[in-house]
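An overview of the molecular structure
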Amino acid sequence: MHRSVGRTVLCATAAAALLAAPLVSVSAATADPAGTGLVIEEAYLKGGSANQPFTNKFVELGNPTDSPVTVDGWSVQYRAATGTGAPAVGKLAGTVPAHGTYLVQMGSNGTNGEALPEPDAVTGLNPSGSTGTLVLADQATALSLPAGPVAAGTPGVVDLLGYGTSNTFETAVATTGTANAVPDGLTRAGTTDTDSNAADFSVTSTITPENAAGETTQPTDPTDPGTPTTPAEQVTIAQLQGTGDASPYAGKTVTTDGVVTAVYATGGFAGYTVQTAGTGGALDLATHTASDAVFVYSSATVGSVAIGDAVRLTGTVSEFNGLTELTVPTAAGLTKLPAAGVVQPVPATLAFPRTDAQRESLESMLVAPQGAWTVADNYTTNQYGEVVLASGTKRLLQPTEVARPGSAEAAAVTADNAARKVVLDDGASTNFLSAANQSIPVSWLTQGPVTVGATATFAKPVVLDYRNDAWKFQPTTPITGATPAADLPTRFSDVRTAAPENVGGDIRLAGFNVLNYFPTTGDQLTGCTYYTDRDGDPVTVRDGCDARGAANADDLARQQVKIVKAINGLGADVVSLEEIENSARFGQDRDAAVATLVAALNQATGKDTWAYAKSPAKVPVSEDVIRLALIYKKDRVQPVGASTILTDSTAFANARQPLAQAFAPVTAKPGKGKGPKPSAKDTFLVIANHFKSKGSGTGADADQGDGQGASNASRVAQSKALVAFSTAMQRQTGTDKVFMLGDFNAYSQEDPVAVLDQAGYTDLGPTRDASEWSYVFSGLSGSLDHVFASPAALRTVTGVDIWNINSVESVGLEYSRYDYNVTELYRDDVYRASDHDPILVGIDLPGVSTPGEGGNPGHGGPGHGGEPGHGGGSIADALAALAALIAWLRSLFG
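Every value quoted in this text rests on a predicted model; they were computed, and no experiment measured them.

**Overview of the overall build of the chain**
Along the chain, the regular secondary structure elements total 13 helices and 45 strands. Residue pairs at least 24 apart in sequence account for 74% of intrachain contacts in the chain once pairs closer than 6 positions are excluded. For the chain, the exposed area adds up to about 32900 Å²; of that, 54% sits on carbon and sulfur atoms.

Rendered as structure tokens:
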């Protein structure tokens, strides 16, 4: 009945019944004769063919346990019998009841057969009826499975069915399927799992689809409009919608009149919206309490209507995952009305409602969004054609970026985010990364960049609806990347910057997370599994080996050119690098990876510009496969002494040990030979950092629910250890000017940052500018990346800039997403070189007045570039720089 209204769908009836029940989760596959985990219980793979009982194919999951099991973030995946690449993925959501089932609707071979019971999930998978591989996975990304028997405990695999002549199976392949015209399917004997497809599955002519609500057929209603026993009640659309979040007519058959305002004949929605004639315009939500529009689900009539048609509809009212719908199952339920005298509805013009109740009063209505709109997230844009927007001129913020964890202020930020968030969709449920849809150009991104922080301007009206647990703006017809830009309802400003702001200063420092830069590519190792492109070619390492980056040399080249252009474009003299390969793990010199990157940087500049701080003699006994590194421009700064790694602290047992190096400016002057040795007043200390991530932790490190994520206790301990390390290094190097840079995996108001604040260090970056942050996660902007300055170092700071080239760009632009869709989003430029943005700091040191570097980004010559946190570059600054240069030349030539 409900078919591609969302990416995945959960039967509302079953969901309501399970609200009070505890949810459990299961993981990897294993033989399970005791029946303690989810299994594929039935597979019907011939839907729609001649003689078949049902129109759609399906997989039915079974839960033999005493508790409901959540499948949020799970998927059913299909790979052809002889395939070896990534399978097609159909995402799941919701819950499988205790001792119950869960129905996954799939594609169809035709129009024969009856509709399935209300499915719990709808996917675009279309398996072969006779041979192939089906996988129940506890992840939403494609698995990488070798051909042959799949071992128990294979990561990601909860259950697997290889049938026919499939090359992938549990122990032995299940019985060969019959012709598509033979009405049969594969069924398991109960929910017993012996880990052998041949033993567990048999062919049956009895097809028994059952959803989570226990329904085995389409619900029938004695007032079904197809065979009415009583007249349908005539209601207005506003009466149908009601003033609450559910229709008072749910489950009843009604007749209503309206004007078609949007049509979704393609893309999966299989329906259209109708609105009461003459409604819309400037509305007062204090008095407008019921929507004048409704979504009509009707594959039988969607091809017969056009925007502007006046229609009379007879159908059944339902609430489908929060969206009120009118289902019109046959053509008899649609009557075209004369257009004469019908006043067309107009878009509602009002500020975006901040509450669900107010939005309900506009559900499915045509709206012309008013005021300013800002792109807040683009993470799913390359997959589902969705763009998260925020009303107003600000992004959506991580609460702990601007307020202390657990505080009333943090709660207020959370509430404000919810009040301003809406998703701009593409009028379809297309997954552009699935095998079936990769040849369709992805929406929005094909027409140009969609960058977090950009302004969204509405040129055409949209429909406000509710799908996948989110309020959405839908275009009035489906769009794809093939839709001309002039026909799109929304346009985005270009907020990209070609270079960071001028931060002033004689010397510039930067922090840069290089996104698992690994010159040791996956093809050089054994056991690696990969994420693959649409041709099945490996792009980046997924699992199975210590490599974390590119799959092969071509992929590394695509990654490297972006990183090189970004680092050279920074105009920095010292750069702290995070997530670079620790080459010692591969039997190489520990510095091999950083040396490779430095060589690439120098090749790009055409001269011997860069060098790196060599690893010290003493390194940690146990290290991560990624490490920290410091690189520097040889004609701008010089290392003072050797580098030092913190090796005697247990706090960093689950993170990367900090790396310290003292530097001083190069003071040699042209024609005069080398200058004096660096003095303590010119020396500054740089400490590179990469704290424990937020993603995992147990015991004291378990997520406390205060917004700081997991492993906060570890990060606090690491901050304390870093303070002690900094103090020791200051004594060792003879300088109190300390800059601690890197990825601290903590937002600006969280406990680890508070430790550094209380120790007297100043966070230079995120909070000084109301529009720049270094990271975007779950649609919320904040900074995990920081530069902390000691009091003496702070006095030298001339400016700070976060160069938003990475976190604000779609993940589809990364080297690792190459050729995932027919629209090739990758470019060999600086944008999306990583997922974190670099931070740039300018400093002036006493007695240093070396001239600037001409046209290098961020280098403006002697003098200050502005107040800390602001770019410099004023006329006064330029004149001061010129005066300093003239004075220097006079000192040389008298």
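Here the narrative resumes.
**A short note on the side chain of T451**
With respect to the helices and strands, T451 occurs in the loop between strand 25 (421–424) and strand 26 (456–458). Judged by relative accessible area, which is 4%, T451 ranks as buried. The contacts of T451, once residues within four sequence positions are left out, are V375, N378, V495, R496, V808 and E809.

**Describing the sheet that holds strand 37 (residues 656–665)**
Strand order in the open sheet formed by six strands is 36-37-38-39-43-40, with mixed pairing between adjacent strands. A single partner strand is all that each edge strand has here, and the edge strands are strand 36 (637–645) and strand 40 (762–763). With six bridges joining them, strand 38 (residues 684–690) and strand 39 (residues 738–743) adopt parallel strand pairing. Bridge pairing in strand 39 places V686 opposite F739. Here helix 10 (residues 712–733) sits on the sheet and contacts strand 36, strand 37, strand 38 and strand 39; the angle it forms with strand 38, its principal contact strand, is near 155°. Where helix 11 (residues 751–758) meets the sheet, its contacts fall on strand 39, strand 40 and strand 43 (785–789), and the angle it forms with strand 43 comes to roughly 15°.

**Things to note about the pattern of salt bridges**
For the structure shown, the criterion picks out 27 salt bridges. Close ionic contact of R467 with D465 constitutes a salt bridge, the shortest N to O distance being 2.4 Å. Within the structure, one salt-bridge network assembled from shared partners comprises D159, R188, D193 and D200.

**Details of the pairing of strand 7 (residues 101–105)**
Each regular strand carries side chains that alternate between the two faces of the sheet. The buried count for strand 7 comes to five of five residues, which makes it a mostly enclosed element. Burial of strand 7 is two-sided: the residues T101, L103 and Q105 facing one way and the residues Y102 and V104 facing the other way are all buried. Inspection of the sheet shows strand 2 (residues 58–62) paired to strand 7 by five bridges, in the antiparallel sense. Across the sheet, the residue bridging to V59 is V104, located in strand 7. As judged from the two bridges shared by strand 7 and strand 8 (residues 121–122), these two strands associate in the parallel manner. In the sheet register, Q105 faces strand 8, and the bridge partner there is V122.

**Points about the environment of T301**
Among the structural elements, T301 can be located in the loop between strand 18 (293–297) and strand 19 (310–320). Separated by 30 residues in sequence, T301 and G271 have C-alpha atoms that sit 7.9 Å apart. Those residues in contact with T301 that lie beyond four places of it in its chain are Y272, V328, T330, A331 and L334.

**A look at unusual backbone geometry**
Phi at N51 takes a positive value of approximately 75°, unusual for a residue other than glycine. Assignment of secondary structure puts N51 in the loop between strand 1 (39–44) and strand 2. The exposure class assigned to N51 is exposed, which follows from its relative accessible area of 57%. Even without glycine at this site, D819 takes up a positive phi of about 60°. Considering the arrangement of structural elements, one finds D819 in the loop between strand 44 (797–802) and strand 45 (839–843).

**A word on the confidence of the model for the chain**
Of all residues in the chain, 87% attain a pLDDT of 70 or more, and the chain-wide mean is 88. Throughout residues 1–31 the model reports pLDDT below 50, and contacts reaching past four residues in sequence, or to other chains, amount to 108 contacts. Of the regions scoring below 50 in pLDDT, residues 668–673 engages in six contacts with residues more than four places distant in sequence or in other chains.

**Describing the pairing of strand 19**
Strand 19 sits mainly inside the fold: eight of its 11 residues count as buried. Bridging between strand 16 (residues 253–264) and strand 19 involves seven bridges; their strand directions are antiparallel. What sits directly across from T255, in strand 19, is T314. When strand 19 meets strand 21 (residues 334–336), the two strands line up antiparallel, connected through three bridges. Directly across from V311, in strand 21, lies its bridge partner K336. In the sheet, strand 19 pairs with strand 20 (residues 323–327) via five bridges, with the strands oriented antiparallel. Each residue of the ladder has a partner; that of V317, found in strand 20, is L326.

**Brief notes about the packing of aromatic side chains**
If you walk through the whole model with that rule in mind, you get 18 aromatic pairs. Their ring planes at 85° and their centres at 5.0 Å tell us that F744 and F788 sit as a pair that is edge-to-face. Here the residue F744 occupies a position in the loop between strand 39 and helix 11, and F788 occupies one in strand 43, the gap between them amounting to 44 residues. Look at F744 and you get buried, because its relative accessible area is 1%. Counting every residue linked through ring pairs, the aromatic cluster contains F352, W373, F458 and F473. Of note, R467 hangs over the ring of F269, and the distance from its end group to the ring centre comes to 3.8 Å. Residue placement shows R496 over the ring face of Y831; its charged tip is 4.2 Å from the ring centre.

**Describing the sheet that holds strand 7**
Taken in spatial order, the six strands make up an open sheet running 8-7-2-1-13-14, and their pairing is mixed. Edge positions in the open sheet fall to strand 8 and strand 14 (201–204), since each of these has one partner strand only. Bridge count for strand 1 against strand 2 is five bridges, and the pairing is antiparallel. Following the sheet pairing, E42 is matched in strand 2 by E60.

**Re helix 11**
Within the span of helix 11, buried status applies to P752, V753, A754, V755 and L756. Positive phi shows up at G760, right after helix 11, with a value of about 100°.

**Description of the packing of helix 10 against helix 11**
Between helix 10 and helix 11, whose axes approach to 8 Å, the crossing angle comes to 20°. Of the possible angle classes, the one that applies to helix 10 and helix 11 is roughly parallel. The interaxial crossing formed by helix 10 with helix 11 has right-handed handedness. Between helix 10 and helix 11, the contacting residues are N712, R715, V716, S719, K720, L722 and V723 on the first element and D751, P752, V755 and L756 on the second. Tallied by class, residues from the contact of helix 10 with helix 11 come to six nonpolar, two polar and three charged.

**Describing the packing of helix 8 (residues 553–570) against helix 9 (residues 592–605)**
It is at 10 Å that the axes of helix 8 and helix 9 come closest, and there the two elements cross at 65°. As far as their axial angle goes, helix 9 and helix 8 are roughly perpendicular. Considering only the axes of helix 8 and helix 9, their crossing is right-handed. Every residue of helix 9 that contacts helix 8 at Q560, I563, V564, I567 and N568 is listed here: T596, L597, A600, L601, A604 and T605. Looking at side-chain class alone, the contact of helix 8 with helix 9 contains seven nonpolar, four polar and no charged residues.

**Considering helix 9**
For helix 9, built from 14 residues, the straight-helix expectation of 20 Å at 1.5 Å per residue is met to within 8% by its first-to-last C-alpha distance of 20 Å. Taken together, the buried positions of helix 9 are occupied by A593, V594, L597, V598, A600, L601 and N602. Against the buried residues of helix 9 lie strand 30 (507–517), helix 8, strand 33 (574–581), strand 34 (610–612) and strand 35 (626–633).

**Points about the nonpolar core**
L389, F473 and F492 are the most contacted members of the largest nonpolar core, which totals 35 residues. Mapped onto this core, the elements with two or more residues apiece are strand 23 (373–377), strand 24 (387–391), strand 25, strand 26, strand 27 (462–467) and strand 28 (470–474). At three residues, strand 27 tops the list of elements feeding residues into this core. Apart from residues no more than four positions distant in its own chain, F492 is found in contact with V375, V387, L389, L424, W444, P449, V450, T455 and A456. Of all hydrophobic cores here, the second largest spans 34 residues; its members include A566, A600, L601 and Y612.

Analysis parameters
- Residues numbered from 1 in each chain as written.
- Predicted model: local features only at pLDDT ≥ 70, side-chain atom pairs only at ≥ 80, totals over all residues.
- Heavy atoms only, no water.
- Helix = DSSP H or I, 4+ residues; strand = E, 2+ residues; numbered from the N terminus.
- Contact = heavy atoms within 4.5 Å.
- Areas by Shrake-Rupley, 256 points an atom, 1.4 Å probe, with all protein chains shown as cover.
- Buried < 20%, exposed > 50% of the residue type's maximum accessible area, 1.4 Å probe, protein only.
- Pairing = 2+ DSSP bridges.
- Axes fitted to C-alpha atoms, helices over the stretch in contact; angles between N-to-C directions.
- Salt bridge = Lys/Arg side-chain N within 4 Å of Asp/Glu carboxyl O.
- pLDDT = per-residue confidence, 0-100.
- Phe/Tyr/Trp six-rings, centres within 6.5 Å; stacked < 30°, edge-to-face > 60°.
- Lys NZ or Arg CZ within 6 Å of the ring centre and 35° of its normal.
- Parallel < 35°, antiparallel > 145°, perpendicular 65-115°, else oblique.
- Left-handed = near helix turned anticlockwise from the far one by under 90°.
- Nonpolar A, V, L, I, M, F, W, Y, C, P; charged D, E, K, R; others polar.
- Expected span 1.5 Å × (residues − 1).
- Core = buried A, V, L, I, M, F, W, Y, C linked by side-chain atoms within 4.5 Å.

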